[in-house]
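Fold and contact review
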Amino acid sequence: MNILEFTILVAAGSFVAGLLGSLTGLGGGVVLVPLLTLFFKVDIRYAIGASLVSVIATSSGAAAAYVKEGFSSIRIGMFLEIATTVGALAGAFLAAFVSTKALAMIFGVMLLYSAYLSRRPRTRAERNSPPDPLATRLRMNGTFPSEEGGMRQYNVQRVPTGFGLMFGAGALSGLLGIGSGAVKVLAMDQAMKIPFKVSTTTSNFMIGVTAAASAGVYLNRGYVDPGLSMPVMLGVLAGSLLGAQILIKAETRVLRIVFSVVIAVLGVQMLYKGLTGGI
């Protein structure tokens, strides 16, 4: 394989990763790192470096469109990002003392169960629940464009539970070296009862903030290769912009199915890594 063929194939794979990352709120790294390491035989450190750059591209491309369309909640995202950042620091500190094999297996089981839960549509009673007093105080309740047309109001539930889960998401990211987009979306969707489209779009906004900090570390260590990162970033950016257009018009039921399939695959991957000691 020559350089041109390599660049085109990497860009094509990155396009798919960006599309999935934009639709599910998980970021392109979920697909990219395994693709680059297993298929293209790229050193994992350079794969992660390129992946972090791509996550910033996904977040910049998709999140800008989602904010403009009225889906992303910057207020919710910035509040929950505090918990994720503190959790990531705690996870990095605890990494030397905790068995990551056992943790990976527990996380894998949790993701598989979450894949089952995330397919369930929300009932009308759940959608019309009264707001959490803390959410009202923090002005988290909002509106988003509904599939039927017009704006639909939503109330945020169980803010402390969601904040705690976000801390756990950050800790898992620091302990296992994984993106925590899956837990972020699940915390917002299942615990806080935020509409699925708002959850995925707000997660897209949040992962860019986290990735920007990590990318600086990898850049400083020389693990961001311009020759690899350029086609990855362009492919992911194009995929994320297309994903943003699809999500605006897509049915929530279809998005839930796509999300559940992706996190089920993630769950199996985590179980396998835990059993084989690959993490």
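From a predicted model like this one, the values you see are computed outputs, not experimental measurements.

Rules used in this analysis
- Residues numbered from 1 in each chain as written.
- Predicted model: local features only at pLDDT ≥ 70, side-chain atom pairs only at ≥ 80, totals over all residues.
- Heavy atoms only, no water.
- Helix = DSSP H or I, 4+ residues; strand = E, 2+ residues; numbered from the N terminus.
- Rg over C-alpha atoms; globule rule 2.2 N^0.38 Å.
- Buried < 20%, exposed > 50% of the residue type's maximum accessible area, 1.4 Å probe, protein only.
- Expected span 1.5 Å × (residues − 1).
- Polar contact = N/O pair within 3.5 Å; in protein donor to acceptor, adjacent residues only side chain to side chain.
- Patch = residues over 30% accessible without salt bridge, like charges linked within 9 Å, V, L, I, M, F, W, Y side chains within 5 Å.
- Areas by Shrake-Rupley, 256 points an atom, 1.4 Å probe, with all protein chains shown as cover.
- Salt bridge = Lys/Arg side-chain N within 4 Å of Asp/Glu carboxyl O.
- Contact = heavy atoms within 4.5 Å.
- Axes fitted to C-alpha atoms, helices over the stretch in contact; angles between N-to-C directions.
- Parallel < 35°, antiparallel > 145°, perpendicular 65-115°, else oblique.
- Left-handed = near helix turned anticlockwise from the far one by under 90°.
- Nonpolar A, V, L, I, M, F, W, Y, C, P; charged D, E, K, R; others polar.
- Phe/Tyr/Trp six-rings, centres within 6.5 Å; stacked < 30°, edge-to-face > 60°.

Points about the overall build of the chain
Looking only at helices and strands, the chain has 12 helices and two strands in total. Each helix and strand of the chain, ordered N terminal to C terminal, gives the series α-α-α-α-α-α-α-β-β-α-α-α-α-α. Here the C-alpha atoms of the chain give a radius of gyration of 18 Å, agreeing with the 19 Å that 2.2 N^0.38 yields for 279 residues. Taking the principal axes of its C-alpha atoms as reference, the chain extends roughly 55 × 40 × 30 Å. Within the chain, the proportion of its 279 residues that are buried is 48%.

Considering helix H1 (residues 3-24)
Taking 1.5 Å of rise per residue, 22 residues should cover 32 Å, and H1 covers 31 Å from first to last C-alpha, within 8% of that figure. Within H1 the residues assigned to the buried category are Val10, Gly13, Ser14, Ala17, Gly18, Gly21, Ser22, Leu23 and Thr24. Among the residues of H1, the N-terminal cap falls to Asn2, whose side-chain oxygen and the backbone nitrogen of Leu4 are separated by 3.2 Å. Once H1 finishes, Gly25 follows within two positions and takes phi at roughly 80 degrees, a positive value.

Details of a nonpolar patch on the surface
A contiguous nonpolar patch, built from Val67, Ile74, Met78 and Val209 and spanning about 300 Å² of accessible area, is present on the exposed surface. Looking at the secondary structure, you find Met78 in helix H4 (residues 74-94).

Looking at the side chain of Thr202
Note on placement: Thr202 falls in helix H10 (residues 196-220). A relative accessible area of 1% means that Thr202 is categorised as buried. With residues near it in sequence (within four places) discarded, Thr202 still touches Ser72, Ser73, Ile76, Gly77 and Met188.

What to know about the packing of helix H5 (residues 100-118) against helix H12 (residues 252-276)
Interhelical geometry of H5 versus H12 gives an angle of 160 degrees and a closest axis separation of 7 Å. In terms of axis orientation, H5 runs roughly antiparallel to H12. For the element pair H5 and H12, the recorded crossing hand is left-handed. Taken together, the residues of H12 that come into contact with H5 (itself represented by Lys101, Ala104, Met105, Phe107, Gly108, Val109, Leu111, Leu112, Ser114, Ala115 and Ser118) are Arg256, Phe259, Ser260, Ile263, Ala264, Leu266, Gly267, Val268, Met270, Leu271, Gly274 and Leu275. A breakdown of the residues in the contact of H5 with H12 according to their chemical character gives 15 nonpolar, six polar and two charged.

Some points on the environment of Gly170
Mapped onto the fold, Gly170 is located in helix H8 (residues 159-176). Once the C-alpha coordinates of Gly170 and Gly274 are considered, the two residues, 104 residues apart in sequence, prove to be 19 Å apart.

Digging into the environment of Leu26
Looking at where Leu26 falls in the secondary structure, it is placed in the loop between H1 and helix H2 (29-39). Take Leu26: its relative accessible area is 7%, and that puts it in the buried class. Put simply, Leu26 and Gly164 are 138 residues apart on the chain and 19 Å apart in space, counted from C-alpha to C-alpha. The residues touching Leu26, leaving out its near neighbours within four places in the chain, are Gly21, Gly181, Ala182, Ile207, Phe259, Val262, Ile263 and Leu266.

Notes on H5
Because each turn of an α-helix spans 3.6 residues, side chains separated by three or four positions end up pointing in the same direction. Here H5 is 19 residues long and its end C-alpha atoms lie 26 Å apart, about the 27 Å a rise of 1.5 Å per residue gives. Of the positions making up H5, those classed as buried are Thr100, Ala104, Phe107, Gly108, Leu111, Ser114, Ala115, Leu117 and Ser118.

Notes on the packing of aromatic side chains
Taken as a whole and assessed by the stated rule, the structure comprises eight aromatic pairs. Between Phe6 and Phe40, the aromatic rings sit 5.4 Å apart at their centres with planes inclined by 85 degrees, giving edge-to-face as the arrangement. Residue Phe6 is found in helix H1, and its partner Phe40 is found in the loop between H2 and helix H3 (44-69); the two are separated by 34 residues along the sequence. Accessibility expressed as a relative area gives 23% for Phe6, which makes it partly exposed. Note on Tyr46 and Tyr223: the rings are 5.5 Å apart at their centroids and 85 degrees apart in plane angle, and the pair reads as edge-to-face. Residue Tyr46 is located in helix H3, and its partner Tyr223 is located in the loop between H10 and helix H11 (226-249); the two are separated by 177 residues in the primary sequence. Given the relative accessible area of 31%, Tyr46 is considered partly exposed. Every member of this aromatic cluster is reached through a ring pair, and the members are Phe6, Phe39 and Phe40.

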